[in-house]
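A structural walkthrough
What follows is the residue order along each chain.
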Amino acid sequence: MALHIVLVEPEIPPNTGNIARSCAATNSVLHLVEPLGFSIDDRSLKRAGLDYWPYVKVLVHPSLAAFLEEYAGRRMFLATTKGEKLFSEVEYRDEDMLLFGRETAGLPRDFIAANRERTIRIPMSANTRLRSFNLANSANIVLFEALRQLGYPGLE
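Below you will find a few notes about this structure. (Residues numbered from 1 in each chain as written. Predicted model: local features only at pLDDT ≥ 70, side-chain atom pairs only at ≥ 80, totals over all residues. Heavy atoms only, no water.)

Description of the nonpolar core
Condition: Note on terminology: a nonpolar core comprises buried Ala, Val, Leu, Ile, Met, Phe, Trp, Tyr and Cys residues joined through side-chain atoms within 4.5 Å. Buried means the residue's accessible area, taken with a 1.4 Å probe over protein chains only, is under 20% of the maximum for its type, while exposed means over 50%, and partly exposed covers the values in between. Helix and strand definitions here come from DSSP, where helices need a minimum of 4 consecutive H or I residues and strands a minimum of 2 consecutive E residues; each element is numbered from the N-terminal end. Here a residue-residue contact requires only that any non-hydrogen atoms of the pair lie within 4.5 Å.
With 29 residues, the main nonpolar core has Ile-5, Ile-19, Leu-30, Tyr-92 and Phe-100 as its most contacted residues. For this core, the elements supplying multiple residues, two or more each, are strand S1 (4-8), helix H1 (13-26), strand S2 (29-33), strand S4 (76-79), strand S6 (97-100) and helix H5 (135-149). Tallying contributions element by element places H5 first for this core, with 7 residues. Ignoring anything within four residues of it in the chain, the contact list for Ile-5 reads Ile-19, Cys-23, Val-29, Leu-30, His-31, Leu-98, Phe-100, Ala-139 and Leu-143. Residues Val-8, Leu-64, Leu-99 and Leu-107 belong to the second largest nonpolar core, which totals 13 residues.

So, the packing of aromatic side chains
Think of a pair of aromatic rings as described by two things: how far the centres are apart, and how the planes are tilted against each other in angle. Here is the rule we go by: Between 30 and 60 degrees the pair is tilted, below 30 it is stacked and above 60 it is edge-to-face, where a pair is any two Phe, Tyr or Trp rings, Trp via its six-membered ring, whose centres lie within 6.5 Å.
If you walk through the whole model with that rule in mind, you get 2 aromatic pairs. Consider the rings of Phe-77 and Tyr-92, whose centres lie 5.6 Å apart with planes at 75 degrees: the pair is edge-to-face. A residue pair is termed long-range when its members are at least 10 positions apart, and Phe-77 in strand S4 and Tyr-92 in the loop between strand S5 (85-86) and S6 qualify at 15 residues.

Let's talk about the environment of Arg-118
Residue placement: Arg-118 occurs in the loop between helix H4 (109-114) and strand S7 (119-121). Spatially, the C-alpha atom of Arg-118 lies 8.2 Å from that of Lys-85, the residues being 33 residues apart in sequence.

Observations regarding H5
We count it as follows: Expected helix span is taken as 1.5 Å per residue step, with the number of steps being one fewer than the number of residues. Polar contact is the term for a pair of N or O atoms within 3.5 Å; when the atoms are in protein, one must be able to donate a hydrogen and the other to accept it, and sequence-neighboring residues count only if both atoms are side-chain atoms.
Between its terminal C-alpha atoms H5 stretches 21 Å, which fits the 21 Å expected from 15 residues at 1.5 Å a residue. Where H5 is concerned, the buried positions are Leu-135, Ala-136, Ser-138, Ala-139, Val-142, Leu-143, Glu-145, Ala-146 and Leu-147. Two to three positions downstream of the cap, the backbone nitrogen of Ala-136 sits 2.8 Å from a side-chain oxygen, assigning the N-cap of H5 to Asn-134. Positive backbone phi, at 80 degrees, marks Gly-151, one or two positions downstream of H5.

The values are spatial; any link to function lies outside them.
Quick look at the structure:
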């Protein structure tokens, strides 16, 4: 049993390192969709993931199109500030894929528009000047809601 965190063109190494650490701790699979804004052997990436990297299943995909072709037919949820549903309104299942976009731009707009029914959002104050939550925090918020619904499989 596993959930999949998919980072589409991540740009900031510490965010990816923190998400990798969460994936290691929860037996989740981490997908990185190129181009990446850093090298996978980047020192700050490894530092953020500490010594967890050997325990993370990491799959690297050359493009979003290649990723979508390989996983066609799988349930995917696209995290965006303009999502149709709250992340907590979804009934998550084993092997669901949770997609997050670049820190500076999110997921591609045309991809979101073509998949509106699969978009999710984390609620935040309408009175804030913030555009969104931090990528690592967002991934953890959604990941742990899915794990909670599934009864924290394989976790103590």
